[in-house]
Amino acid sequence: MANVAVIGAQWGDEGKGKIVDWLAERADMVVRFQGGHNAGHTLVVGENVYKLSLLPSGIVRGTPSVIGNGVVLDPWALKAEVEKLGAQGVAISPETLVVADTCPLILPFHRDLDGLREDASGAGKIGTTRRGIGPAYEDKVGRRAIRVCDLAHLDDLGPQLDRLTAHHDALRAGFGEPPIDREALLAELRDIAGFVLSFAQPAWRLLNEARSRGRRILFEGAQGVLLDIDHGTYPFVTSSNTVSGTASAGTGIGPSGVGFVLGIAKAYTTRVGSGPFPTELEDETGTRLGERGHEFGTVTGRKRRCGWFDAVLVRQSAAVGGITGIALTKIDVLDGFEEVKICTGYRLRGETLDYFPAHAADQALVEPVYEAMPGWSESTAGARSWAELPAQAIKYVRRIEELIRCPVALLSTSPEREDTILVRDPFAD
Ligand code: IMP
């Protein structure tokens, strides 16, 4: 029985929450493997709307959920989210949530540094979520991070804390900030340690055991391939690998355990934060997409930039992300457009490209080559079968499949979970 990894095929915000929720009902376990509380997953369950940033989406339905070692964990954000969901009637216990004991922690000074750097960067700022994600990953790779397992040994942190604070105090001095107050930090950590440790386990063991018992595991990616630290629009990216390979490294399950890779793509394109966006529409059409699609960030509330579907970028994401099938979301947002456009290539200094160039200057310069198609006036909202879709909408989807060289496995036609057209069941593969 296949496991399934869900990853974003664009710049995040593709509507992963709904798809993951849809799949989570049939999974035995849901696992986050990268990112942190920068993610924003909105789940609509009946009358209730749940907004998750750190917790795996399965938690809302009581599916056992795991935060894998590839995630950077803010202990206070974890507590706040557990409490918020508790207030919404979702009880979370060590029975339903496991946190990998090797997760690096996001500490208050990571958040400070993220904000200080953004504020100092002027026009060059990344537009991060200011949650400390980048600085926490830097410390992980720099081998100075404090990890979940360290919370059980706070009195023995000496040399590790020395290295960590020496590094950060130098950075803070550059911003005119006082050094880290070690005693205050330790006191805060002592305060929260019991809470985090109550969920901590060697998650890789649990996952490998589940796998050997034939349990269905759903790996829940955050952000999108175009924000991947290696394959994205560097430097305007997040600080983790968002491709499906991380479902393995970020959990401790071998790559053969990952199975079907479902890439989520919106039927158009959006982006929050800075960075290149070839098909961005800074006109009435862009505004209309944003209004119809309610394009505001779940985490930061920022207005999302909007544009036409970019088949070049999604084809690239499908290739580097190892995507088996696409879930195309929010097709209903395009209802009523007289004409819809798809970007099929770029023009750069007189040449035509069928891929996105690596250099930021070239990325900013490329001009999209569009293919226009007639739109559809009928509504696709709430459709649950191909038969309910207007012929022109089907043509649009088929053309996208051809251009991205990847089949559509699911089509989502509204935020409601059941408004989904299933073409190929990822778990059945
Ligand atoms: P960071 O992950 O907070 O460091 O932000 C780096 C970039 O990734 C910024 O452009 C953010 O807007 C973007 N980003 C981070 N998380 C998400 C997400 O869940 N959805 C969309 N964009 C995100």
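Everything numeric in this text was worked out from a predicted model, so none of it was measured.

A. Seen up close, the overall build of the protein chain. Along the protein chain, the regular secondary structure elements total twelve helices and 18 strands. Seen through its C-alpha atoms, the protein chain measures out along the principal axes to roughly 65 × 50 × 40 Å. Here the analysis covers contacts within the protein chain between residues at least 6 apart in sequence; of these, 76% occur between residues at least 24 apart.

B. How the structure looks around the domain arrangement of the protein chain. In terms of domain boundaries, the protein chain breaks down into domain 1 (4-103 + 200-260), domain 2 (108-196) and domain 3 (267-309 + 330-403 + 417-428). Look at where the C-alpha atoms of domain 1 and domain 3 centre, and you get two points 25 Å apart. Between domain 1 and domain 3, the contact holds 29 residues from the first and 25 residues from the second. Here domain 1 meets domain 3 over a buried area of about 2300 Å², counting both sides, of which 60% is carbon and sulfur. Area buried by domain 1 at its contact with domain 3 is led by Trp-11, Asp-13 and Trp-22, which between them contribute 30% of it. The interface formed by domain 1 and domain 3 holds four salt bridges in total. For Asp-13, the salt bridge identified is with Arg-304, shortest N-O distance 3.3 Å. Linking domain 1 to domain 3 there are nine residue pairs in polar contact (both at pLDDT 80 or more). Within the residue set of the side of domain 1 that touches domain 3, elements represented by two or more residues are α1 (16-24), β3 (41-45) and β8 (217-220).

C. Up close: the site of the ligand. Residues in contact with the ligand amount to 17 residues; listed here are only the nearest, Asp-13, Asn-38, Thr-129, Thr-238 and Arg-302. Between the ligand and Gly-127, the relevant distance is 3.3 Å, taken from an oxygen atom to a main-chain nitrogen or oxygen of the residue. One of the side-chain N or O atoms of Thr-238 is found 2.6 Å from an oxygen atom in the ligand. Protein chains bury 97% of the 460 Å² of accessible surface belonging to the ligand in isolation. Split into classes, the residues belonging to the shell around the ligand amount to six nonpolar, nine polar and two charged.

D. Representation of the pairing of strand β9 (residues 260-266) in the model. Among the seven residues in β9, seven count as buried, and that is most of the element. Alternating residues of β9 divide into Phe-260, Leu-262, Ile-264 and Lys-266 and Val-261, Gly-263 and Ala-265, and every residue in both groups is buried. Where strand β1 (residues 4-8) and β9 come together, five bridges link them in parallel fashion. In the strand pairing of β9, Ile-7 is matched with Gly-263.

E. Structural view of the UniProt feature "active site" (unreviewed entry) in the protein chain. As recorded in UniProt, the feature "active site" (unreviewed entry) lies at Asp-13, His-41 and Lys-140. Across 128 residues in sequence, these annotated residues place their C-alpha atoms as far as 25.9 Å from one another, rather than forming a single compact spot. Among the structural elements, His-41 can be located in strand β3. Assessed through its relative accessible area of 5%, His-41 is described here as buried. If we ignore the near neighbours within four places in the chain, the residues touching His-41 are Lys-16, Gly-17, Tyr-50, Lys-51, Leu-52, Ser-57, Glu-220, Gly-221, Ala-222 and Thr-298. Position of Lys-140 relative to the elements: it lies in helix α4 (residues 133-141). Those residues in contact with Lys-140 that lie beyond four places of it in its chain are Asn-69, Gly-70, Pro-104 and Ala-145.

Thresholds applied
Residues numbered from 1 in each chain as written. Predicted model: local features only at pLDDT ≥ 70, side-chain atom pairs only at ≥ 80, totals over all residues. Heavy atoms only, no water. Helix = DSSP H or I, 4+ residues; strand = E, 2+ residues; numbered from the N terminus. Contact = heavy atoms within 4.5 Å. Domains from an automatic or database assignment. Buried area = accessible area lost by both parts, 1.4 Å probe. Salt bridge = Lys/Arg side-chain N within 4 Å of Asp/Glu carboxyl O. Polar contact = N/O pair within 3.5 Å; in protein donor to acceptor, adjacent residues only side chain to side chain. Near = heavy atom within 4 Å. Areas by Shrake-Rupley, 256 points an atom, 1.4 Å probe, with all protein chains shown as cover. Nonpolar A, V, L, I, M, F, W, Y, C, P; charged D, E, K, R; others polar. Buried < 20%, exposed > 50% of the residue type's maximum accessible area, 1.4 Å probe, protein only. Pairing = 2+ DSSP bridges. UniProt positions renumbered as here; feature names shortened; annotations may be inferred.

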